[in-house]
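# Topology and contacts: notes
For reference, the chains in residue letters:
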Amino acid sequence: MTNKELADLIFPNITKTIEDYEKEYPARDLKEGAKVTRYAPSPTGFMHIGNFMATTISYLLARQSGGVFFLRNEDTDQARTVEGAVEAIRNNLEHYGMVPDEYEFRDLNETKGAYGPYIQSERKEIYQTFVKHLIEIGRAYPCFCSKEELEETHELQVKNKIRTGYHGRYARCRKLTVSEAAERIRNGEDYVIRFKSMGDFDEKFPFDDLVKGKVELPENDMDVPIMKSSTGLPTYHFAHLVDDHLMRTTHVVRGEEWLPSVPLHLELFKTFGFKAPKYIHIPLILKKEGNSVRKISKRKDPEALMSYYKELGYPREAVIESIMTIINSNFEEWRTGHPDQVYTEFEFSPKKMSSSGAFYDLDKLDNISKNIISKKKAVEVYDELLEWAKIYNEPFAKVISENKDYTISVLNIEREQKKPRKDYANYSEIESKIWYMFDALWNSKDKAREFQTIDNLEDIKKIVNTYFERYYNIEDDKEVWFNKIKDLAGELGYAREVKEYNENPDAYKGHVGDVSTVLRIAITKESMTPDLYEIMKLLGKDKMLDRVKDL
Ligand code: GLU
């Protein structure tokens, strides 16, 4: 029996050849230097911040070179597929504006691109054609080892202090003759197909990683499984070879956990005579915890999942921006010099990426975000706030959509000025900072007024009542308005200036600052608010009188 006959026995229905697929998926017609990248998630969970980092890099590389960025759904491990994962992937990419040029969403009947199918479970015949070829040339073979047999070998290796795995003389089924293998297949035995490695573990295997530079690992000598007969689907290693070759990927951006597999991957590419893509292995994302440093964790750190940022309502630019700061060490410097440019104008360089680990810092995200939100027009903040609230805070969405222009004016307080106020890091915290501007929330929120330096109710009432009876006038400009508060302070025995009070505290009941704080708390129940003049103007006298009558 020949290898070819064994291959036909295993794959009787595969009649196409690798050449057929080469013709079907020819080299892409792109300009010199154009990069073809992809996001290749397994739909086994939700988008992790590491996936997002890889996606951002892949997207940038394609956009900056006039290339192609595609999405491939790596769903070969069907038992681990999570419902809703594909939808979440799609929503995330759309949310961040990293829409792939090619993709396939089966449930939505949406496909784009000539290099599909883009869902691995739909590519079975293609993978099998490639596996069949390997069997024909004697570089793959069926392995019948049971789980127990593999465990036995493993234990033996551990006991004898030998490197574990299916290699060298421990690769039992490598020794079967083609006829023996055929016989066992005909008898209906279960098997997997393994790659037959020609590597020697004692030999060095140097290769280039665009981030880490020259890396030297031992050659691969493992006969890894490349296909399971039970599903007819490939393992990741083999699918990567076939897909990234036929989809003409030039740059693979993926997690560092795949670095040790590079010798195997390059051996696979070499066996087929294909040019391998360039690899960019992204570092682990780290978090500081007290004085120690650890890997960010899906279980412990809510910020490890991309849904966190959407739920809290961080503007998309802020999230991208914070990731850019860990992608390239010179990004922040570039940003200082180019404050208004979009991030895609920044030229990504794999060499400027940390190869040991990237610190992710939520305080930094908050700063970036506050800055970004402060620079937006009030109407833009309103639109994004409403978009967020419609999903995550419906009652608030109702209030602000019923009072659109008013809300925009509220959001505009201290905005259009040289140094705009930076007090919102995300959309979920806006309600807690402007709630008192809305009657509906004022009435529904059970919050007591906590007066501060002046806490005698008689004094408080005197300040508030005198102010509204004799001083407040909505027509006043800011200077007149403030002078009137000083006049009020003077009339009631408080210093008109803080300085005067400090020089002679015993002569006064307090100072003008205490008086305006009383007014602020009386009408907002908050001690820290933006500009009180603006707040009073927007609330209007009637509303304020209504609020202070129950003091
Ligand atoms: N499906 C693999 C993963 O999610 C993809 C790795 C790669 O990008 O090649 O880890």
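Our structure is the block above this text.
Here's a quick rundown of the structure. (Residues numbered from 1 in each chain as written. Predicted model: local features only at pLDDT ≥ 70, side-chain atom pairs only at ≥ 80, totals over all residues. Heavy atoms only, no water.)

## Re the overall build of the chain
For the record, the criterion: Per the convention used, a helix needs a DSSP run of H or I reaching at least four residues, while a strand needs a run of E reaching at least two, with both numbered from the N terminus. We take the radius of gyration over the C-alpha atoms and set the globule estimate at 2.2 Å times the residue count to the 0.38 power. Residue burial is assigned from relative accessible area. The probe radius is 1.4 Å, only protein chains are included, and a residue is buried under 20% of its type maximum, exposed over 50%, and partly exposed in between. Residue contacts follow a heavy-atom distance rule, with two residues in contact if any of their heavy atoms lie within 4.5 Å. Counted charges follow a simple rule, with Lys and Arg positive, Asp and Glu negative, and His plus the chain ends left uncounted. Lysine's charge is taken at NZ, arginine's at CZ, aspartate's at CG and glutamate's at CD.
Along its length, the chain carries 24 helices and 14 strands. A compact globule built from 551 residues would reach a C-alpha radius of gyration of about 24 Å, whereas the chain, at 33 Å, exceeds it by more than 25%. Buried positions account for 50% of the 551 residues belonging to the chain. Taking the intrachain contacts of the chain between residues at least 6 apart in sequence as the baseline, contacts between residues at least 24 apart amount to 72%. In the chain, the 83 positive side-chain charges and the 95 negative ones have mean positions that sit 2 Å from each other.

## A word on the site of the ligand
The criterion, for reference: For this purpose, a residue is taken to be near a molecule or strand whenever a single non-hydrogen atom of the residue falls within 4 Å of it. N or O atoms closer than or at 3.5 Å make up a polar contact, with two conditions inside protein: a donor-capable atom paired with an acceptor-capable one, and, for residues adjacent in sequence, both atoms drawn from side chains. Only the protein chains shown count as cover for residues, with accessible areas throughout obtained via the Shrake-Rupley method and a probe of 1.4 Å.
Around the ligand sit Arg38, Ala40, Ser42, Glu74, Tyr236, Val253, Arg254 and Trp258, and those are all the residues in its vicinity. The side chain of Glu74 places a nitrogen or oxygen atom 2.6 Å from a nitrogen atom of the ligand. Contact between the ligand and Tyr236: an oxygen atom at 2.4 Å from a side-chain N or O atom of the residue. Notes on the ligand: free accessible area 290 Å², of which the protein chains cover 82%.

## Description of the nonpolar core
For clarity, the threshold we go by: Note on terminology: a nonpolar core comprises buried Ala, Val, Leu, Ile, Met, Phe, Trp, Tyr and Cys residues joined through side-chain atoms within 4.5 Å.
With 57 residues, the main nonpolar core has Leu411, Ile463, Val464, Tyr467, Leu519, Ile523 and Met536 as its most contacted residues. In this structure Leu411 touches Ala378, Val381, Tyr382, Leu385, Tyr424, Ile430 and Ile434, once residues within four positions along its chain are discounted. Counting 55 residues, the second largest nonpolar core, distinct from the first, contains Val36, Ile126, Cys143 and Val252.

## Quick look at helix H15 (residues 394-402)
As a reminder of what qualifies: Read the arc as the range of directions from the helix axis to the C-beta atoms.
By the burial criterion, the buried members of H15 are Phe396, Ala397, Val399 and Ile400. The buried residues of H15 occupy one face: seen down the axis, they fall within an arc of 165 degrees. Set apart from the buried face of H15 by more than 90 degrees, the exposed residues are Glu394, Pro395, Lys398 and Glu402. At its buried positions, H15 is contacted by helix H14 (378-392), helix H16 (404-411), helix H17 (431-434) and helix H18 (439-444).

## Brief notes about the packing of aromatic side chains
Short version of the rule: Centres within 6.5 Å make a pair out of two Phe, Tyr or Trp rings, where for Trp the six-membered ring is used; the pair is then stacked when the planes are under 30 degrees apart, edge-to-face when over 60, and tilted otherwise. Any Lys NZ or Arg CZ found within 6 Å of a ring centre and within 35 degrees of that ring's normal is scored as a charge over the ring.
Considering all chains together, one arrives at 30 aromatic pairs under this definition. Each ring, one from Phe331 and one from Phe346, has its centre 5.1 Å from the other, and the planes form 85 degrees; the classification is edge-to-face. Taken together, the residues span a long stretch of sequence, with Phe331 in helix H12 (residues 331-337) and Phe346 in the loop between H12 and strand E14 (358-359) at a distance of 15 residues. In terms of burial, Phe331 and Phe346 fall into one category: buried. Taken together, the ring pairs in this structure connect Phe130, Phe238, Phe272 and Phe274 into an aromatic cluster. A cation over an aromatic ring shows up here: Arg163 above the ring of Phe201, its NZ or CZ 3.4 Å from the ring centre. Lying over the aromatic face of Trp435, Lys445 brings its terminal NZ or CZ to 4.6 Å of the ring centre.

## Notes on the sheet that holds strand E9 (residues 225-228)
For the record, the criterion: Any two strands with at least two DSSP-identified bridges between them are counted as paired. Interaxial angles span 0 to 180 degrees and are taken between N-to-C directions of axes, which are lines fitted to C-alpha atoms, for helices over the stretch in contact.
Pairing in this open sheet of three strands is antiparallel, and the strands run E5-E6-E9 from one edge to the other. Where the open sheet ends on each side, the last strands, each with one partner, are strand E5 (140-143) and E9. Each strand of the sheet is rotated relative to its neighbour by a mean of 30 degrees, with strand direction disregarded. Examined bridge by bridge, strand E6 (residues 192-195) and E9 share three bridges and lie antiparallel to one another. Pairing of Arg194 across the sheet is with Pro225, part of E9. Together, E5, E6 and E9 form the strand contacts of helix H5 (residues 124-136), whose direction differs from that of E9 by roughly 125 degrees.

## Details of the side chain of Asp476
Positionally, Asp476 belongs in the loop between helix H19 (457-471) and helix H20 (478-491). Excluding anything up to four places from it in sequence, Asp476 contacts Tyr471, Trp481, Lys484, Tyr533 and Lys537.

## So, unusual backbone geometry
Each neighbour pair has its own omega, and for Gly116 with Pro117 the value is 0 degrees, a cis peptide bond. With respect to the secondary-structure elements, Pro117 resides in the loop between strand E4 (110-112) and H5. Not every positive phi belongs to a glycine, and Arg248 is a case in point at roughly 60 degrees. A relative accessible area of 17% means that Arg248 is categorised as buried. The backbone of Glu414 shows a phi angle near 55 degrees, a positive value even though the residue is not glycine. Considering the arrangement of structural elements, one finds Glu414 in the loop between H16 and H17.

## What about the pattern of salt bridges?
Side-chain pairs of opposite charge can arise where the charged atoms are in close proximity. So the rule is basically this: The salt bridge definition used is simple: a Lys or Arg side-chain nitrogen within 4 Å of an Asp or Glu carboxyl oxygen.
A full pass over the atoms with the stated rule returns 47 salt bridges. Between Asp243 and Arg72 there is a salt bridge whose closest N-O contact spans 3.5 Å. Residue Asp243 is located in helix H8 (residues 236-246), and its partner Arg72 is located in the loop between strand E2 (68-71) and helix H4 (85-95); the two are separated by 171 residues in the primary sequence. Each member of the pair, Asp243 as well as Arg72, is classed as buried. Between Glu526 and Lys447 there is a salt bridge, and its shortest N-O distance comes to 3.7 Å.

## Quick word on the environment of Glu526
Locating Glu526 in the fold gives a position in the loop between helix H22 (512-524) and helix H23 (532-539). Spatially, the C-alpha atoms of Glu526 and Ile463 are 17 Å apart, while their sequence positions differ by 63 residues.

## Comments concerning the pairing of E6
Sheet topology note: the E5/E6 ladder contains four bridges and is antiparallel. Within E6, the position partnered with Tyr141 by the bridge is Arg194.

## A word on a positive patch on the surface
For the record, the criterion: Residues forming no salt bridge and having over 30% relative accessible area are the ones grouped into patches, like charges within 9 Å of each other and nonpolar side chains (Val, Leu, Ile, Met, Phe, Trp, Tyr) within 5 Å.
Where like charges cluster on the molecular surface, the positive patch consists of Lys375, Lys418, Lys419 and Lys422. Position of Lys375 relative to the elements: it lies in helix H13 (residues 362-375). With a relative accessible area of 52%, Lys375 lands in the exposed category.

## Thoughts on the pairing of strand E11 (residues 278-282)
For the record, the criterion: Consider the strands pointing away from the viewer: the crossover is right-handed when the path from the first strand over the helix to the second runs clockwise.
The buried fraction of E11 is high, at four of five residues. Note: strand E10 (residues 251-255) against E11, five bridges, orientation parallel. Bridging from a neighbouring strand, Val252 pairs with Tyr279 of E11. Regarding the hand of the β-α-β motif, the stretch spanning E10, helix H9 (residues 262-272) and E11 is right-handed.

Read these as spatial facts, not as claims about activity.
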